[in-house]
Amino acid sequence: MQLIYGFLLAIIIAFLAYRAHSLNKSGALAATITGTIIFGVGGWPWAILLLTFFITSSGLSRAFKKRKQGLDEKYSKGHERDAGQVFGNGGIAALFALLHGFFPDALWPWLGFSASLAAVNADTWATELGVLNPHPPRMITDLRKVVEKGTSGGVSIVGTLAAVGGSAIISILALLLNPAVTPAFCLLLTASGLAGSLFDSLLGATVQAIYFCPRDQKETERHPLHLCGTETVHIRGWKWLTNDWVNFACGLAGAILTLLIYALLVIQY
Ligand SMILES: [Zn+2]
C-alpha cells in the first residue's frame, strides 16, 4: 500500500517539477521511478530527506541568476534536469532505500542513504552558491592556480562553506528523523558529505571528460555542441566520465566513507 502512495507522491512532485521547468520529460520519468522507490519503501523520513535535496537544489539553481550569467556555457546541461542527472544524484539513495526494504531493522541503509544525499547536496550547494565567492576559484589539485568561475575542479571558500551547509542540513534531518542516529553519526554524515563533494571536485580536476570550444576559446563540459552551436573538442579526461557519473561517484564516496567508519565502530564495540 505504501508503494502506491509513494508512486502517487512521486508522480505529483515530478509533474510539478516538470511544469516548473526544473525537470525535462526524461528527468520527470526518472524522478518518478527514484521517488516511488524512496517514498514507497522508506516512507516519510526518507521522503523528507530526498525532498530537502530536491527542493533546495532546484531553488538554488534559480537563485542569483545575475551572478551566474555566462556560466551555462560551461556546465554540461541547463537548469532542466534530465534522467542522467536525476539518476546521477539520486541513484545511490534509491539503492539504499531498496536495501532498507530487505533489512528493515538495520541502521546502515539509512546512514548510506543520508550520506549519499549529504554528498550530492553538498556538491549542488557548492556549485550554486560558489559563484557568490568574490574571487575566482582555484584548482583543487593546485591551489595556486586561479581558474574561471564554473570550471570543473575549481574550489573556493564560499563554495566549501556552502558544501558544509548543504551536507549539514541533510545530516541534521537524518538525526532528527531517526532516533538511532546519534549526534556523533550526524557529524560523521556531515564530514562524509563534504568529503564526497571534494572527491567530486577532484574528479572534475583530473579524469572528468572536459571539452574545448574552438570558437569561444573556452573549456566546457558540453559535448558534442557548445551553447554557441560549435562542435566541442575533447581536451582531457576519460570520455565516458561525464558530469552525471561524477555526481554518482560523489554520492557513492559519501556513502562508502560513512559505512566504512560505521562498520569499524560496530566491529570495535
Ligand atoms: Zn562556443
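Above this text is the structure in question.
Described below are features of the structure shown in this document. (Residues numbered from 1 in each chain as written. Predicted model: local features only at pLDDT ≥ 70, side-chain atom pairs only at ≥ 80, totals over all residues. Heavy atoms only, no water.)

1. A closer look at the packing of helix α5 (residues 108-130) against helix α7 (residues 183-206)
Contact pair α5 / α7: the axes reach a minimum separation of 7 Å and the direction vectors enclose 45 degrees. Between α5 and α7, the angle is such that the two are oblique. The way α5 lies across α7 gives a crossing that is right-handed. On the side of α5, the interface is formed by Leu 111, Ser 114, Ala 115, Ala 118, Ala 119, Ala 122 and Asp 123, while α7 contributes Phe 185, Leu 189, Gly 193, Gly 196, Ser 197 and Asp 200. A breakdown of the residues in the contact of α5 with α7 according to their chemical character gives seven nonpolar, four polar and two charged. (Axes fitted to C-alpha atoms, helices over the stretch in contact; angles between N-to-C directions. Helix = DSSP H or I, 4+ residues; strand = E, 2+ residues; numbered from the N terminus. Parallel < 35°, antiparallel > 145°, perpendicular 65-115°, else oblique. Left-handed = near helix turned anticlockwise from the far one by under 90°. Contact = heavy atoms within 4.5 Å. Nonpolar A, V, L, I, M, F, W, Y, C, P; charged D, E, K, R; others polar.)

2. Things to note about the packing of aromatic side chains
For the coordinates displayed, the defined rule picks out seven aromatic pairs. Centre to centre, the rings of Trp 46 and Trp 110 are 5.2 Å apart; their planes meet at 70 degrees, and the pair counts as edge-to-face. With Trp 46 in helix α3 (residues 44-62) and Trp 110 in helix α5, this pair connects stretches of sequence that are 64 residues apart. Here Trp 46 falls in the buried class, since its relative accessible area comes to 4%. A relative accessible area of 3% means that Trp 110 is categorised as buried. Three or more aromatic residues joined by ring pairs form one cluster here, namely Trp 46, Trp 110 and Phe 113. (Phe/Tyr/Trp six-rings, centres within 6.5 Å; stacked < 30°, edge-to-face > 60°. Buried < 20%, exposed > 50% of the residue type's maximum accessible area, 1.4 Å probe, protein only.)

3. Quick look at the coordination of the zinc ion
Metal coordination angles in their ideal form are 109.5 degrees for the four-donor tetrahedron and 90 or 180 degrees for the six-donor octahedron. Distances from the zinc ion to its protein donors, Cys 213 (SG), Asp 216 (OD), His 226 (ND1) and Cys 228 (SG), fall at 1.9 to 2.3 Å. One way to put it: the four donor atoms around the zinc ion meet at angles of 101 to 117 degrees, and that makes the site tetrahedral. Along the chain, the residues that donate to the zinc ion are spaced as C-x2-D-x9-H-x1-C. Linking Asp 216 in the loop between β4 (210-213) and β5 (218-220) with His 226 in the loop between β5 and β6 (233-236), this pair joins segments that are ten residues apart in sequence. His 226 gets classed as buried once you look at its relative accessible area, which sits at 5%. (Donors = N, O, S within 2.8 Å, 3.2 Å for Na, K, Ca; no water. Tetrahedral: all angles 85-135°; square planar, octahedral: opposite > 155°, others 65-115°.)

Shape descriptors only; they carry no functional weight alone.
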